[in-house]
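In case you want the letters, here they are:
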Amino acid sequence: MGTVTVTIQLGDHLGNQFEELDIIVDTGSTYTAVPRATLERLGVPVQRSLPSETADGRMVPVDVGETTIRLEGLQFHTPVIFTEANEPSLLGVVTLEQAALAVDPVAGRLVPTHLLRY
């Protein structure tokens, strides 16, 4: 499977101001991750700091906030990690699950989940 990239609209917590962002879908990431500068420009506040394991196995603290996202015709709140400018924007599993979306590895795109478990 190749890289799946989608275009989202990322907004402030109240959903008043949005920016369009091309973002990599990463099913190995728990939370969505966006550069700090983008989140600060939108006025997204840091709510807490959590330990996080990086792709190379290091443990680092990360700032986490909550933002509004528009994805595949839906608008909802999702947790977001503040990253540094040189790191890619990643759409994580929590956001995908909130939108009831999954990655279709053959088509290389997002699709609705067919089975919801509760």
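Let me sum up the structure you'll find in this document.

## A look at the layout of surface pockets
Over the atoms, a rolled probe matching the size of one water molecule traces out where space is still vacant. Here the largest pocket is characterised by a volume of approximately 700 Å³. In terms of residue count, the dominant contributor to the lining of the largest pocket is strand E5 (residues 59-71) (five residues). The class makeup of the residues in the lining of the largest pocket is 13 nonpolar, six polar and six charged.

## What about unusual backbone geometry?
A positive phi angle, near 50°, is found at Glu72, a position not held by glycine. Within the secondary structure layout, Glu72 lies in the loop between E5 and strand E6 (74-83). In this structure, Ala100 is a non-glycine residue whose phi angle is positive, near 55°. Inspection of the secondary structure assignment puts Ala100 in the loop between helix H2 (93-98) and strand E8 (101-104). Under the relative-accessibility criterion, Ala100 is labelled partly exposed at 26%.

## Points about the pairing of E8
Across four bridges, E8 lies against strand E9 (residues 109-112) in antiparallel orientation. Pairing of Asp104 across the sheet is with Arg109, part of E9. Where E8 folds back on E9, the antiparallel hairpin that results is connected by four residues, among which Gly108 adopts a positive phi of roughly 70°.

## Details of the side chain of Asp12
In this fold, Asp12 is placed in the loop between strand E1 (5-11) and strand E2 (18-25). For the buried Asp12, which has no salt bridge, the nearest side chain bearing the opposite charge is Arg70, at an N-O separation of 8.5 Å.

## Considerations on the pairing of strand E4 (residues 48-53)
Pairing geometry for E4 and E5, over six bridges, is antiparallel. Following the sheet pairing, Ser52 is matched in E5 by Val60. Connecting E4 to the antiparallel partner E5 that follows it, the hairpin turn spans five residues, and Gly57 within it adopts a positive phi of roughly 90°.

Cut-offs applied
- Residues numbered from 1 in each chain as written.
- Predicted model: local features only at pLDDT ≥ 70, side-chain atom pairs only at ≥ 80, totals over all residues.
- Heavy atoms only, no water.
- 1 Å grid on protein atoms, 1.4 Å probe; cavity = no way out; pocket = protein on both sides within 12 Å on 5 of 7 lines; lining within 4 Å.
- Points joined across faces, edges and corners; volume = space filled by probe spheres on them.
- Helix = DSSP H or I, 4+ residues; strand = E, 2+ residues; numbered from the N terminus.
- Nonpolar A, V, L, I, M, F, W, Y, C, P; charged D, E, K, R; others polar.
- Buried < 20%, exposed > 50% of the residue type's maximum accessible area, 1.4 Å probe, protein only.
- Pairing = 2+ DSSP bridges.
- Lys, Arg positive; Asp, Glu negative; His and termini not counted.
- Salt bridge = Lys/Arg side-chain N within 4 Å of Asp/Glu carboxyl O.

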